[in-house]
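# Geometric and topological summary
So the chains spell out like this:
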Amino acid sequence: MLMLCFKRLVYAIFTLAFVACLVFTVTEALPGDFCTSYLGRNATDNNLALCRDNFGLSQPMLERFLAWSSHLAEGDFGLSLSSGRPVNDDLLPRLANTALLGGIAALLAIPLALLLGMVTAICRDSWLDNLVSSATLLAMTIPEFITATLLTLAFAIWLPWFPAITLADAHAGLEELLPNAWLPALTLALISTAHMMRMMRSSTIDVLSAGFIRMARIRRIPTASLLLRHVLPAAVLPTITLSAMTVAWLLGGVVIIEQVFNYPGIGTLMISAVYDRDIPVVQACALTLSAIYIACNLLADLSVALLNPRLR
């Protein structure tokens, strides 16, 4: 197990290093640059040359990559071109806000998905199974911004329980930010619950038809004990990987949701940085979300290895 953990950790480090190179290359290939966006109509050749010299954009790409990667190894993403502040000062508060949003969505989605998956598998082909399966398919096919719009219409206009948009800034306290996080978190939870619920349903159906479950029924083990001690641990293993990927998506795929609700998270920071061609901020956001995704997959692999006796 220690060797397995070490190998997975090494793979994760090499993957993150490759992603860092890819992020830098792709962001450098974006059309235009910060000086073109900053100068606007005054973007003459002389002004562009002076601006690029001032911000170090005229240096060769290899030199800028070596300087960027050396600072990155120290946890420093550099300076924002638009604000002149360290990128970490803008990134960390917004990352915490997005983590709050993803945490609430995960706490809502994961237990609900596991419960609905088991119930629909036990009641297979019943009216409840058909109803829940149809609802989850509908939730999976509707785009995120439409789901967000419908929930805003229902819970911010018809039933004014939550604010429609967030007016708090990125440095707002928890008591000010929490009421604004429920509606976007509910949007994320509905979408992610559908994917996890279908995986849990399929896994539970396979486990219920296994030989050890039939043997347990022959031994007349109580239904509650059978489901909790035998079916759930076996059925949840395939769902762990999907749950980890869903959590990673909750943290990294919230760009549209944060934009719809004007939520001060890493998604809105990345959108504004792309608009301003603030490449250091774009690189920091992309690399941070990639690191979260890799970490979630690493934890999922290790969790499955620890929970599965055959892999141990």
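Each remark here, short or long, concerns the structure printed above.
Let me begin by describing the structure that accompanies this report. Remember, it's a predicted structure, so these values are computed and weren't measured experimentally.

## What to know about the side chain of Ser203
In this structure, Ser203 sits in helix H8 (residues 174-208). Residue contacts for Ser203: discarding those within four places in its chain leaves Ala234, Ala235 and Pro238.

## Points about the nonpolar core
Trp68, Phe77, Leu91, Cys285 and Leu287 are the most contacted members of the largest nonpolar core, which has 25 residues in total. Elements represented by at least two residues in this core include exactly helix H1 (2-28), helix H4 (61-73), helix H5 (87-122), helix H12 (266-276) and helix H13 (279-307). No other element matches the 10 residues that H13 contributes to this core. The residues touching Leu287, leaving out its near neighbours within four places in the chain, are Leu16, Val19, Ala20, Trp68, Leu72 and Phe77.

## Here we look at the side chain of Gln283
As for its position among the elements, Gln283 is in helix H13. Among the residues examined, Gln283 registers a relative accessible area of 3% and is labelled buried. Setting aside anything within four residues of it in sequence, one finds Gln283 in contact with Val23, Phe24, Thr27, Glu28 and Trp68.

## Regarding the packing of helix H6 (residues 127-141) against H8
In a packed pair of helices, the relevant descriptors are the angle between the two axes and the axis-to-axis distance. For the pair H6 and H8, the least separation of the axes is 8 Å and the interaxial angle reads 130 degrees. In terms of axis orientation, H6 runs oblique to H8. Judged by the twist between their axes, the crossing of H6 over H8 is left-handed. In this structure, H6 uses Asp129, Val132, Ser133, Thr136, Leu137, Ala139 and Met140 to contact H8, whose residues at the interface are Leu190, Ala194, His195, Met197, Arg198 and Arg201. Looking at side-chain class alone, the contact of H6 with H8 contains seven nonpolar, three polar and three charged residues.

What counts, and where the lines are drawn
- Residues numbered from 1 in each chain as written.
- Predicted model: local features only at pLDDT ≥ 70, side-chain atom pairs only at ≥ 80, totals over all residues.
- Heavy atoms only, no water.
- Helix = DSSP H or I, 4+ residues; strand = E, 2+ residues; numbered from the N terminus.
- Contact = heavy atoms within 4.5 Å.
- Core = buried A, V, L, I, M, F, W, Y, C linked by side-chain atoms within 4.5 Å.
- Buried < 20%, exposed > 50% of the residue type's maximum accessible area, 1.4 Å probe, protein only.
- Axes fitted to C-alpha atoms, helices over the stretch in contact; angles between N-to-C directions.
- Parallel < 35°, antiparallel > 145°, perpendicular 65-115°, else oblique.
- Left-handed = near helix turned anticlockwise from the far one by under 90°.
- Nonpolar A, V, L, I, M, F, W, Y, C, P; charged D, E, K, R; others polar.

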